[in-house]
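The chain contents come next:
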Amino acid sequence: MILAVVGGKGGVGKSTVAYNLGAHLDAVVVDADLAMADLPGARGPDLHDVLAGRAAPVEAVREGGPVAMLPCGRSLVGARACEPTALVDAVETVRDAYGRVVVDCPAGMSGDVGLGLLVADACVLVTAPTPEALGDALRARALARELDAGLVAVVLNRGTDEAPTETIANRLGAPVTVVPDDPVVANAQAAGVPVATAAPDTPAAGAFADLADSVERASVASGRR
Amino acid sequence: MVTLDWETDRTDGVTLVRLYVTAEDRRRVRIENRLDGPVWPPREEGQPAAGWDDDAFEGVVAPDHRLVAGYATPAQPADPPAEVVADDPADAETAPGPVGAEAVQAGGTTDRATATDGGSSGGGGTGTLGRRDNGDGRATGPETVESADDEPTPADVVRSLGDPVVPREAVPFPDAPDDAEGREADVREDESAVTPSDERHDEPVAPPSDESTDAHEEEPVDPFEGGAGDESEPPSSGDTSGGGEFDAGAHDGSVAEDPVEDGSGGAEDDTGESDDSASSRERAVSPPDGASAPRTDAQLVVPGAVRAWLRDVDRRLAALERRRAAEGVEPDSTVQIAVAGDRRALARVADRVETLVGRAEAVEREARDPGNDGGR
């Protein structure tokens, strides 16, 4: 299964959602922001090397941390030299080796977002309860439809009880999972561990677990056919 | 004869219903919900998607086109969730798929009463649906009724959404004389590229940092410098052959000339810069253990950057060629100057590469058979 995490707007917490979903789903998280990377990095070959043909996709997967990751790379020279369309093959190769892949798509609506959605079987849309974020979420939603990545769930990040969950569910057409605005989420991400490890039994950890369940159900449903 | 299959799935207080209709001949069917609740059909732009009206879905099924529909309802699931309430033979001309799909697509209207024929949009609709309705929440259904386009390819995606690779202007090629800054940056980068497990810090790290500094500065900068400052040096040969030769040279250096082992491939590319560092690098890299692999990859950053430059030149030339072919317009003088700069730069790089390949070969022979004086 390949799951894309998209959002349209930057800063809504896509990477956090991708990382925590990766932890719950036991998936490899691929940081597909080709022009910039923001998942916790380590040393070794990265996605830029893979897309430039300098490393095999599986060889660039880092298994040392709590979540297996394929980081993007940090130098602009590396970003410049890569061939973006190779992302599709790279992600599929990782899927074949590891079974499950979560693709952390960049902000915006550029080609790398589209490539992440193209290769994905399904997607999770991350948004925040602000008008700008919701507008971008609608556009990302349209792109996901175009590229055949079924929307599994909407994540309303940093949501509060007053958030218009129902309206968002209706507009975006998928169940909404609210990840509460809780510092444990940011702290866990900064420490490079999933929320479920750093702060189990918190509402935030529960939200990610629910989200992972939705994805599991969707992947089972699609597997039945 | 029409067969209706279904799946139901309850999520978050909502029941998702997927319907699959197959038939042995072309039939027009109408399917109604039997669950105890309102039907939430998939919507396009806020309007019920093609094929839907009130609580019913209508579409044409063909032997080779399964008809697929999906909807949501707050009602509890039950069997059957829906029933075929009408089933008539369909005109052979009628495209399979949701009724009205074509009308919606072409006219942007929601007049689903008239199904215009022709086109295989219905085929596209049904074909993609099977995948799309997977967990697609409440909006399951014939969403984008694209014409019978094949699956989009990665190239399609990049074409329509834009190349996400950072523009060349954004990548700082260090100026040749500006040594200190460039080296510092490159050293940092190289340190981060070395695997943490690598204990032999002093020995192996130094050569690659040297090398990538050289590479960043020598290869891409030389041409730019040449293009800017060297107006009075017309190269004798054609521009394209210069580029081609260069390309071939780069590959030869890393592949063809290196039948023995992976490790020396990276080293070879740049051996010309300094014989000392080259041979020490050769020794450092030679043991094909796990730790040396990432470093080899990092060394190949250089051809990557050069490749990006060649790609830019290639695109510039291709755009001009296209324009000339299409409009018969000669490019303006600014562009011609740019092309001339490209040509000079390529020719210079070609010369330089040739020299370096020669030196690299010599050094390599020396390193492999120290006693044999390059007899190999």
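Residues numbered from 1 in each chain as written. Chains lettered and ligands numbered in written order. Predicted model: local features only at pLDDT ≥ 70, side-chain atom pairs only at ≥ 80, totals over all residues.

## Some words on the pairing of strand β3 (residues 27–33) of chain B
Residue and element names in this part refer to chain B. The condition is simple: Exposure classes come from backbone-placed C-beta atoms, where a residue is buried if 20 or more other C-beta atoms lie within 10 Å of its own, exposed if 12 or fewer do, and partly exposed in between. Starting at the N terminus, helices and strands are each numbered in turn, a helix being any DSSP run of H or I of at least four residues and a strand any DSSP run of E of at least two. A strand pair is defined by DSSP finding two or more bridges across the two strands.
Across the seven residues of β3, five count as buried, placing the element largely inside the fold. Relative to strand β7 (residues 56–61), β3 runs antiparallel, the two being bridged by six bridges. Looking across to β7, one finds that E32 is bridged to A56.

## Considerations on unusual backbone geometry
Here the bond from D79 of chain B into P80 of chain B is cis, since omega is -10 degrees, no more than 30 degrees from zero. In this model, D148 of chain A sits at a positive phi of 70 degrees, which is unusual for a non-glycine residue. Note on placement: D148 of chain A falls in the loop between α6 (131–146) and β6 (150–159). The phi torsion at D201 of chain A lies on the positive side, around 65 degrees, for a residue other than glycine. As for its position among the elements, D201 of chain A is in the loop between α9 (195–198) and α10 (203–224).

## Some words on the nonpolar core
Going by this rule: Put simply, a nonpolar core is buried Ala, Val, Leu, Ile, Met, Phe, Trp, Tyr and Cys residues tied into one set by C-beta atoms within 7 Å. Contacts are defined on C-beta atoms placed from the backbone: any two residues whose C-beta positions lie within 7 Å are in contact.
V5, V103, L117, C123 and V124 of chain A are the most contacted members of the largest nonpolar core, which has 92 residues in total. A per-element tally of this core places α10 of chain A first, with eight residues. Those residues in contact with V103 of chain A that sit more than four places away from it in its chain are I2, L3, A4, V5, V30, A32, V91, G116, V119 and A120 of chain A. Formed by 25 residues, the second largest nonpolar core is a distinct cluster that contains A50, Y71, A90 and A95 of chain B.

## A closer look at the sheet that holds strand β8 (residues 67–73) of chain B
Residue and element names in this part refer to chain B. The condition is simple: Axes, fitted as lines to C-alpha atoms, cover a helix only where it is in contact. Angles between the N-to-C directions of the axes lie from 0 to 180 degrees.
Spatial strand order, β1-β2-β8: three strands in an open sheet with antiparallel pairing. The outermost strands of the open sheet, each flanked by one partner alone, are β1 (2–11) and β8. This sheet shows a mean twist of 15 degrees between the axes of neighbouring strands, independent of strand direction.

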